Amino acid sequence: MFDSAPDNCAASSRLLLCARYLVVYGRSVSWRTSTSGSGDGSQGLWAVGALASGETEILGNWATQDGSQPTWALAEEELRRRGVERIRILITDDAEAVAADFPGNPTLVYRSACTPVSLASLELTARQHRIAERTTSLADRINATIVRRLRRMAPLNSAADALELVARSLAQASRRIETSSNISSGARHRPSGLGSPWAITGQRWELPIAESGPAR
C-alpha cells in the first residue's frame with residue numbers, strides 16, 4: 001500500500017502530522033474502470049482531521065498499486081508513523097475503519113448516527129461540539145463532490161485517472177473553503193503550495209469557529 005502522492009509534493013507520506021486530533025473523519029470512495037468486470041471495482045481511502053483549535057487538514061488518501069483494496073489498518077499504521085499519537089473522536093461508516101487500531105483508542109461515532117444528540121453525549125465543550133459538526137459537514141461536502149464526479153466520468157479508463165480526479169476534487173474543495181473562510185472571518189492560512197493536485201494532503205485550513213471559552 002502507498003500514499004498516492006508524488007514524493008516531491010506536500011502530500012508525501014514523509015510529511016509529519018500533528019500529534020493530537022480532536023476529530024478524524026474517514027471515508028472510502030469506489031469507482032469502476034472500463035476494464036473492470038461486472039462485479040469488480042477499485043477503491044481509495046481518505047481522511048480529514050481537525051485539531052482542538054479548529055484547524056483542519058486532509059490526513060491522507062490511499063490506494064494500492066496492484067488494484068487490490070487498500071485497508072484502514074495500513075492507513076492507521078501510516079498515520080502513527082507520521083506522528084499521530086491521539087485521536088479523540090473517529091467518525092466513519094466504514095466497517096474496516098471501525099476495526100482499525102487508531103491512535104488513542106478514539107470514541108467511535110457512526111456517520112449515519114452522527115447527530116447533535118449523539119455528539120452531545122461525548123461531553124464536549126461548546127466549541128469542540130461546533131468543530132466536530134463543521135468538520136463532519138465539510139467532509140460530507142467534499143465526499144459528495146468526489147462521488148458525483150466519479151459517477152459522471154464512469155467508467156474511467158484506469159485507476160490512475162480516478163485517483164487524479166479525486167486529487168483534483170480535494171484541491172478544488174480546499175481552495176473554495178479557504179476563500180470562503182477568509183471572506184467570512186479573515187482567518188489566516190498557511191500558504192497552500194498547490195503545485196500538484198495531491199498537495200492538499202499536507203495543507204491545513206482553519207474553520208471559522210466562534211469563541212465561547214477555552215477548549216479542553
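Data block above holds the structure.
Since the structure is predicted, the reported quantities are computational estimates derived from the model, not experimental observations.

Quick look at the pattern of salt bridges
For step 1, the next point in the chain: One pass over the full model with this rule turns up seven salt bridges.
For step 2, the next point in the chain: Notably, a salt bridge pairs glutamate 76 with arginine 80, separated by 2.4 Å at the nearest N-O pair. Here arginine 80 and glutamate 76 lie together in helix α1 (residues 72-81), a separation of four residues that amounts to about one turn.
For step 3, the next point in the chain: Given the relative accessible area of 7%, glutamate 76 is considered buried.
For step 4, the next point in the chain: With its nearest N and O atoms 3.7 Å apart, the salt bridge here joins arginine 80 to aspartate 101.

As for the environment of histidine 129
For step 1, the next point in the chain: Of note, histidine 129 is situated in helix α4 (residues 126-153).
For step 2, the next point in the chain: Note: C-alpha distance between histidine 129 and leucine 119 (10 residues apart in sequence) is 6.8 Å.
For step 3, the next point in the chain: Every residue in contact with histidine 129, bar those within four places of it in the chain, is listed here: Pro116, Leu119, Ala120 and Leu124.

Some details on the pairing of strand β5 (residues 86-92)
For step 1, the next point in the chain: Here β5 lies mainly inside the structure; five of its seven residues are buried.
For step 2, the next point in the chain: Bridging between β5 and strand β6 (residues 107-110) involves four bridges; their strand directions are parallel. What sits directly across from isoleucine 89, in β6, is threonine 107.

Section: the nonpolar core
For step 1, the next point in the chain: In terms of nonpolar packing, the biggest core is built from 31 residues, with Trp46, Ile146 and Leu150 touching the most fellow members.
For step 2, the next point in the chain: When residues of this core are traced back to their parent elements, those giving at least two are β2 (20-31), β3 (42-50), β4 (55-63), β5, α4 and α5 (159-185).
For step 3, the next point in the chain: A total of seven residues in this core trace back to one element, the largest contributor, which is α4.
For step 4, the next point in the chain: Among the nonpolar cores identified, the runner-up in size contains 18 residues, and Leu45, Leu59, Trp62 and Ala75 belong to it.

Notes on α1
Within an α-helix, residues lying three or four positions from one another point in the same direction, as the helix has 3.6 residues per turn.
For step 1, the next point in the chain: Residues of α1 that are buried: Trp72, Ala75, Glu76, Glu78 and Leu79. Projected down its long axis, α1 carries its buried residues within an arc of 160°, all on one side.
For step 2, the next point in the chain: Residue glycine 83 follows α1 closely and has a positive phi angle near 110°.

Analysis parameters
Residues numbered from 1 in each chain as written. Predicted model: local features only at pLDDT ≥ 70, side-chain atom pairs only at ≥ 80, totals over all residues. Heavy atoms only, no water. Salt bridge = Lys/Arg side-chain N within 4 Å of Asp/Glu carboxyl O. Helix = DSSP H or I, 4+ residues; strand = E, 2+ residues; numbered from the N terminus. Buried < 20%, exposed > 50% of the residue type's maximum accessible area, 1.4 Å probe, protein only. Contact = heavy atoms within 4.5 Å. Pairing = 2+ DSSP bridges. Core = buried A, V, L, I, M, F, W, Y, C linked by side-chain atoms within 4.5 Å. Arc of directions from axis to C-beta.

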